Amino acid sequence: MMLSFTPEQVELGRMMRSFLETMSPEATVRTLMETVRGFDPAVWTKMGSELGLQQLAIPEEYGGAGYTFVELGVVLEEMGRALLCAPFLSTVVLAANTLLLSSDDQAKKELLPALASGEKTGTLAYTEADGRWDVAGVSTTASESSGGGWTLNGEKVFVLDGHTADLLLVTARTANGVSIFAVDGAAAGLLRVPMQTLDLTRKQARITFSDVPARLVGADDEASIVVPAVLDLAAIALAAEAVGGAARCLDMAVEYAKVREQFGRPIGSFQAIKHKCADLLLEVESARSAAYYAMWAAAGNTAELPAAAAMAKAYCTEAYAHAAAENIQIHGGIGFTWEHPAHLYFRRAKSTELLLGDPAYHRELLVQRAGL
């Protein structure tokens, strides 16, 4: 396993930071997070047509570039640093990997190219009212008609970009178990309502299905195998984002500590502030190590992947939440105001910490996967 970045991967990170400094400055983030859509379609198209970001980790046979999860993680880290408002996690990590890990070659050929090019967005509708992250919590039902089609009934909540996604991949229960179904975003009987959540920069939706026509993806009862694997990859993606966000919080705190003066000297010269920044640096770098290891495990599809994903999600998101909170404390009064960007990172950090399960949930997964 290669545990260092290649020059090309380093350059990819530099290119992404430069691109996001132009396309996702704080003013743009604040504007987009107040819109219903939550992202700029022109920027999304530019990401696909000019930079090829959506196609990075999709195989070439399905319209992708054929790179690995390491390159994807490099991009996600910079997106987390910039608080990019875009359906990247939902489309590229959740929807694309659900298709890739399924056994449905026809669905891959038909649906993946549009996601890879940026022409369409997608998401995975999985969580329901009980908030469970395992297939046992799925109560949405799928009924097969005499003509061979399927109809869905039920409700999904906290669906990332669910109100705007062109393609919905939905878990639903059949007579044989839990399966995955593809639903067109404009299908009849579909009600999609944006939800009010803590993090305005990452939109979520409540989706109600009332006899919605759907297409079975893969074999019946395949969700019990596919979805846990997809959620592991999503956990690693969130860990990579968290590292970028935590690093930005640390940078903001250090920059402020150098220029803010009290009693005639910079507050960064006081031992209490020094210790806070030193502790944050240790946590951020430890989180970076955990996330990078998980990325490499995902790229190589190694046996360590499930444990690495749980470890990275638990540690990195907790470190992000701590860094965001300490950033506010170091800034003092100004850090608590709506005008300062510190609260945007705090909201994203808390949302990231809870999404896909909180750190305690993933530590329990880690214990189980370690056989303890």
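Residues numbered from 1 in each chain as written. Predicted model: local features only at pLDDT ≥ 70, side-chain atom pairs only at ≥ 80, totals over all residues. Heavy atoms only, no water.

This part is about the overall build of the protein. Helix and strand content of the protein: 11 helices and 9 strands. For 372 residues, the compact-globule estimate of 2.2 N^0.38 gives 21 Å, and the protein sits close to it at 21 Å. Here the protein holds 372 residues, and 53% of them are scored as buried. Within the protein, residue pairs in contact and separated by at least 24 positions form 74% of the contacts whose partners lie at least 6 positions apart. (Helix = DSSP H or I, 4+ residues; strand = E, 2+ residues; numbered from the N terminus. Rg over C-alpha atoms; globule rule 2.2 N^0.38 Å. Buried < 20%, exposed > 50% of the residue type's maximum accessible area, 1.4 Å probe, protein only. Contact = heavy atoms within 4.5 Å.)

Now for the pairing of strand β5 (residues 177-184). Judged by how many residues are buried, β5 sits mostly within the fold: 7 of 8 residues are covered. The pairing of strand β4 (residues 167-174) with β5 spans 8 bridges and is antiparallel. Note that in β5 the partner of V170 across the bridge is F181. Connecting the antiparallel pair β4 and β5 is a turn made up of 2 residues. (Pairing = 2+ DSSP bridges.)

Counted at 1.5 Å a residue, the expected span for helix α10 (residues 342-354) with its 13 residues is 18 Å, and the 19 Å between its end C-alpha atoms agrees. A342, H343, L344, Y345, R348, A349, S351, T352 and E353 are the residues of α10 that are buried. The inward-facing, buried residues of α10 contact α2 (26-33), α4 (69-82), β7 (204-217), α7 (223-259), α9 (305-331) and α11 (359-369). (Expected span 1.5 Å × (residues − 1).)

The sites that UniProt annotates as "domain: Acyl-CoA dehydrogenase/oxidase C-terminal" (unreviewed entry) are residues 230-369. A distance of 16 Å separates the end C-alpha atoms of residues 230-369, which is 79% helix and 3% strand. (UniProt positions renumbered as here; feature names shortened; annotations may be inferred.)

Note on placement: T337 falls in the loop between α9 and α10. Residue T337 is classed as partly exposed on the basis of its relative accessible area, which comes to 25%.

In this section: the packing of aromatic side chains. One pass over the full model with this rule turns up 5 aromatic pairs. Relative to W44, the ring of F39 has its centre 6.3 Å away and its plane inclined at 65°; by these criteria the two rings are edge-to-face. Put simply, the rings of F5, Y292 and W296 touch in pairs and so form one group of aromatic residues. (Phe/Tyr/Trp six-rings, centres within 6.5 Å; stacked < 30°, edge-to-face > 60°.)

What follows is about unusual backbone geometry. Of note in the backbone geometry, D161 takes a positive phi value of approximately 55° without being a glycine. Tracing the backbone through its elements, the reader meets D161 in the loop between β3 (150-160) and β4. With relative accessibility at 8%, the residue D161 sits in the buried group. In the Ramachandran plot, L356 falls in the positive-phi region, its phi being about 70° despite a non-glycine side chain.

Here we come to the pattern of salt bridges. As enumerated under the stated definition, the model contains 20 salt bridges in all. One salt bridge connects E128 with K156, and the closest N-O pair in it is separated by 2.8 Å. With E128 in the loop between β1 (122-125) and β2 (141-144) and K156 in strand β3, this residue pair connects regions lying 28 residues apart in the sequence. The pair formed by E128 and K156 is uniform in burial state, with each residue classed as buried. Residue R288 pairs with E285 through a salt bridge whose shortest N-O separation is 2.6 Å. (Salt bridge = Lys/Arg side-chain N within 4 Å of Asp/Glu carboxyl O.)

Judged by nonpolar contacts, the single largest core of 99 residues is most densely connected at M47, M79, F88, L99, L169 and C316. Here the element with the most residues in this core is α7; it accounts for 20 residues. Among residues more than four places away in sequence, those in contact with L99 are A107, K108, L111, L112, L115, L167, L169 and V217. Counting 17 residues, the second-largest nonpolar core is a separate cluster that includes V170, A172, V183 and I207. (Core = buried A, V, L, I, M, F, W, Y, C linked by side-chain atoms within 4.5 Å.)

With that settled, consider the UniProt feature "domain: Acyl-CoA dehydrogenase/oxidase N-terminal" (unreviewed entry) in the protein. Per the UniProt entry, the sites bearing "domain: Acyl-CoA dehydrogenase/oxidase N-terminal" (unreviewed entry) are residues 6-119 in this numbering. From the first C-alpha to the last, residues 6-119 spans 30 Å; its make-up is 66% helix and 0% strand.

If you trace the backbone, E353 turns up in helix α10. The class of E353 is buried, set by a relative accessible area of 10%. Here K350 takes part through its side chain, which lies 2.8 Å from a polar atom of the side chain of E353. Not counting the four nearest positions on each side in its chain, E353 is found in contact with K313, T317, E318, A321, D358 and P359. (Polar contact = N/O pair within 3.5 Å; in protein donor to acceptor, adjacent residues only side chain to side chain.)

Where helix α5 (residues 88-101) contacts α7, the two axes come as close as 9 Å, and the packing angle between them is 150°. The orientation of α5 with respect to α7, classified from their angle, is roughly antiparallel. Considering only the axes of α5 and α7, their crossing is right-handed. Mapping the contact onto sequence places L89, V93, L94, N97, T98 and L101 in α5 and V226, A229, V230, L233, A234, A237, L238 and E241 in α7. (Axes fitted to C-alpha atoms, helices over the stretch in contact; angles between N-to-C directions. Parallel < 35°, antiparallel > 145°, perpendicular 65-115°, else oblique. Left-handed = near helix turned anticlockwise from the far one by under 90°.)

What follows is about the side chain of E77. Assignment of secondary structure puts E77 in helix α4. Reaching out from E77, the side chain makes a polar contact with the side chain of R288 at a distance of 3.3 Å. Not counting the four nearest positions on each side in its chain, E77 is found in contact with A240, E241, V243, G244, R288 and Y292.

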